[in-house]
Amino acid sequence: MYLRTSNGRRLEKSFNGSRLELARIYNGYTIKDLSEKVGHPRQTLSAYENGKEANPSPFIIQKISEVLGFPITFFYEKTTPVKVGSTYFRALRTTSKKYRDQQRQKMSILSSIYTFISEYIRFPVFDPLALKNISSDDPEHAADSLRQHWQLGIKPIENIIFTVEENGIPITSYETSTDAIDAFSQMIDIENRNIYLIGYSSNKTSAARIHFDIAHELGHIIMHEWSEDVEALTKDEFKERENEAHAFASAFLMPKDSFLYDIKNCHLNIPMYIQLKKKWKVSIAAMARRAYTLGVTTYDDYQNMMRLLQRRGIRKDEPLDDVLVTSKPTLLKMAIQMLLDERIFTPKEFINELAYNNNMSLNSQIIEELLGLPQNTLVDVAPTHKLSVKNKPSLGIANLKI
């Protein structure tokens, strides 16, 4: 059997079970969940995924497409491999594998979209060369070195999202189906060049916590090995990685000399921490921990502050959390808007070309979600078949710089 595109190109119909698995996990469904929603035996759906049954009926595929929100052609495309490294999650041990797998699939699709956009847009380049000798054994030095490399001085970072994106690490934010996920980072390989992507849950709205989450993922990027299987780490090994990233984030957001100047002669009570929070854009809990690690307070002082915050009901939702704001990611949104404004693509052409060149047929809503685009930026023009733009623009457009 065949699918035929609107320009007459005939495609051999061959169901790709791995695409069904990807779309199912992307939606956070188990086989049982999908079976109930589609009204089809889970054993049969499992056979589709595993390639043991290669010819689902058109009716079933239509139903699967509607339930999972992916175009029918998505399930018949060959999977174009994207070379990826580990995925680091905050709170890995307390977040279920189901939710971790869901975010990995989202980052996998995002990686394919980014790879495609990179053919037309020259993104800022992350330059790790000056940091190649940095060791995870000294997060303080790593943070200081990165601040120097990025010419940030020793002042508070007002907008970490803009700073990180300006230095070549795209960030995205989208809703997660659990509040247990804070942030995650992923490495992809494009033409033998390592590209890092950071994602964080838009369920989190506190600027102070977002700043720390982004800095934490930056610590993994700067200090840790991306070829290892994070899931295979022992509990102690993972805890060590997290502690190193945590220490990096503290040092990066609160440089030793300038933060010490602000706290060493202060009575570090809650009102004082609230005033410091306005300046440093980090949580009271993070500042209290930093004060302890810098030797200004004792461990008992730190523990007493945590207990006091808990008793007052402000351990999780601190003062100023609803006041301090930070900007949202803009790099990927700017790239799409640039392609549309420069008329490199219409929204429909962008979606079709992504399908044709990268074997990634997607509904506009999925792309908008992953890139943080305003609703209907690309309209709902997902192709039912893969299409080719007649006059593909020259790759010289890659010289456009954000």
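Residues numbered from 1 in each chain as written. Predicted model: local features only at pLDDT ≥ 70, side-chain atom pairs only at ≥ 80, totals over all residues. Heavy atoms only, no water.

A. Up close: the packing of aromatic side chains. Under the defined criterion, the tally for this structure stands at 19 aromatic pairs. Where W150 meets F252, the ring centres are 6.2 Å apart and the plane angle is 85 degrees; that geometry is what we call edge-to-face. On the criterion of sequence distance, the pair formed by W150 in the loop between α6 (139-149) and α7 (160-166) and F252 in helix α9 (residues 235-253) is long-range, its members being 102 residues apart. What makes F252 buried here is its relative accessible area of 0%. Clustering of aromatic rings is evident, with ring pairs tying together F15, Y26, Y48, F70, F74, F75 and Y76. It is R19 that lies over the ring of F74; its NZ or CZ is 4.3 Å from the centre. The ring of F252 carries the charged tip of R147 above its face, separated from the ring centre by 5.6 Å. (Phe/Tyr/Trp six-rings, centres within 6.5 Å; stacked < 30°, edge-to-face > 60°. Helix = DSSP H or I, 4+ residues; strand = E, 2+ residues; numbered from the N terminus. Buried < 20%, exposed > 50% of the residue type's maximum accessible area, 1.4 Å probe, protein only. Lys NZ or Arg CZ within 6 Å of the ring centre and 35° of its normal.)

B. Quick peek at the layout of surface pockets. Put simply, the second largest pocket is a space of about 550 Å³. In terms of lining, the second largest pocket is formed by 31 residues, of which the most central are S173, Y174, S202, K328 and G372. Mapped by element, the contributors of at least two residues to the lining of the second largest pocket are β4 (171-174), α8 (207-223), α14 (331-341) and α16 (364-371). Tallied by class, the residues present in the lining of the second largest pocket amount to 13 nonpolar, eleven polar and seven charged. (1 Å grid on protein atoms, 1.4 Å probe; cavity = no way out; pocket = protein on both sides within 12 Å on 5 of 7 lines; lining within 4 Å. Points joined across faces, edges and corners; volume = space filled by probe spheres on them. Nonpolar A, V, L, I, M, F, W, Y, C, P; charged D, E, K, R; others polar.)

C. Fine view of helix α5 (residues 97-117). For α5, with 21 residues, the first-to-last C-alpha span of 30 Å sits near the 30 Å given by 1.5 Å per residue. Counting buried positions over the 21 residues of α5 gives 15, a clear majority of the element. (Expected span 1.5 Å × (residues − 1).)

D. Region of the structure containing the pattern of salt bridges. All told, the structure shown has ten salt bridges when counted by the stated rule. With a shortest N-O distance of 2.7 Å, R290 and E140 are connected by a salt bridge. You can see R290 sitting in helix α12 (residues 284-293) and its partner E140 sitting in helix α6, a full 150 residues away along the chain. The class of R290 is buried, set by a relative accessible area of 3%. With its nearest N and O atoms 2.9 Å apart, the salt bridge here joins E318 to K277. Here K277 lies in helix α11 (residues 270-280) and E318 lies in the loop between α13 (299-311) and α14, a separation of 41 residues in the sequence. Each of the two residues, E318 as well as K277, counts as buried. Three or more residues joined by partner-sharing salt bridges are found here, namely R209, K277, E318 and D321. (Salt bridge = Lys/Arg side-chain N within 4 Å of Asp/Glu carboxyl O.)

E. Representation of α14 in the model. What α14 keeps buried is the set L331, L332, A335, I336, M338, L339 and L340. Where α14 is buried, its residues meet α5, α7, β4, α15 (347-358) and α16. Looking one or two places after α14, you find R343, whose phi comes out positive at around 60 degrees. (Contact = heavy atoms within 4.5 Å.)

F. Geometry of unusual backbone geometry. In this model, Q151 sits at a positive phi of 55 degrees, which is unusual for a non-glycine residue. Mapped onto the elements, Q151 comes out in the loop between α6 and α7. Judged by relative accessible area, Q151 falls into the exposed class, the value being 72%. For L320, which is not a glycine, the phi torsion comes out positive at approximately 80 degrees.

G. Expanded view of the packing of α5 against α15. Relative to each other, α5 and α15 sit at 100 degrees, their axes nearing to 11 Å. By the angle class used here, α5 and α15 are roughly perpendicular. Side by side, α5 and α15 meet where S112, I113, T115, F116 and I117 of the first sit next to F350, E353, L354, N357 and N358 of the second. Per-class residue counts for the contact of α5 with α15 are five nonpolar, four polar and one charged. (Axes fitted to C-alpha atoms, helices over the stretch in contact; angles between N-to-C directions. Parallel < 35°, antiparallel > 145°, perpendicular 65-115°, else oblique.)

H. Geometry of the pairing of strand β5 (residues 183-190). Burial within β5 is extensive, with eight of its eight residues counted as buried. Taking every second residue as pointing to the same face, both faces of β5 are buried, with A183, S185, M187 and D189 on one and F184, Q186, I188 and I190 on the other. Alignment of β5 against strand β6 (residues 193-201), held across eight bridges, turns out to be antiparallel. Looking at the pairing, S185 lines up with I198 of β6. In this antiparallel pair of consecutive strands, β5 and β6, the connection spans two residues, and E191 shows a positive phi of 50 degrees. (Pairing = 2+ DSSP bridges.)

These figures capture arrangement, not role.
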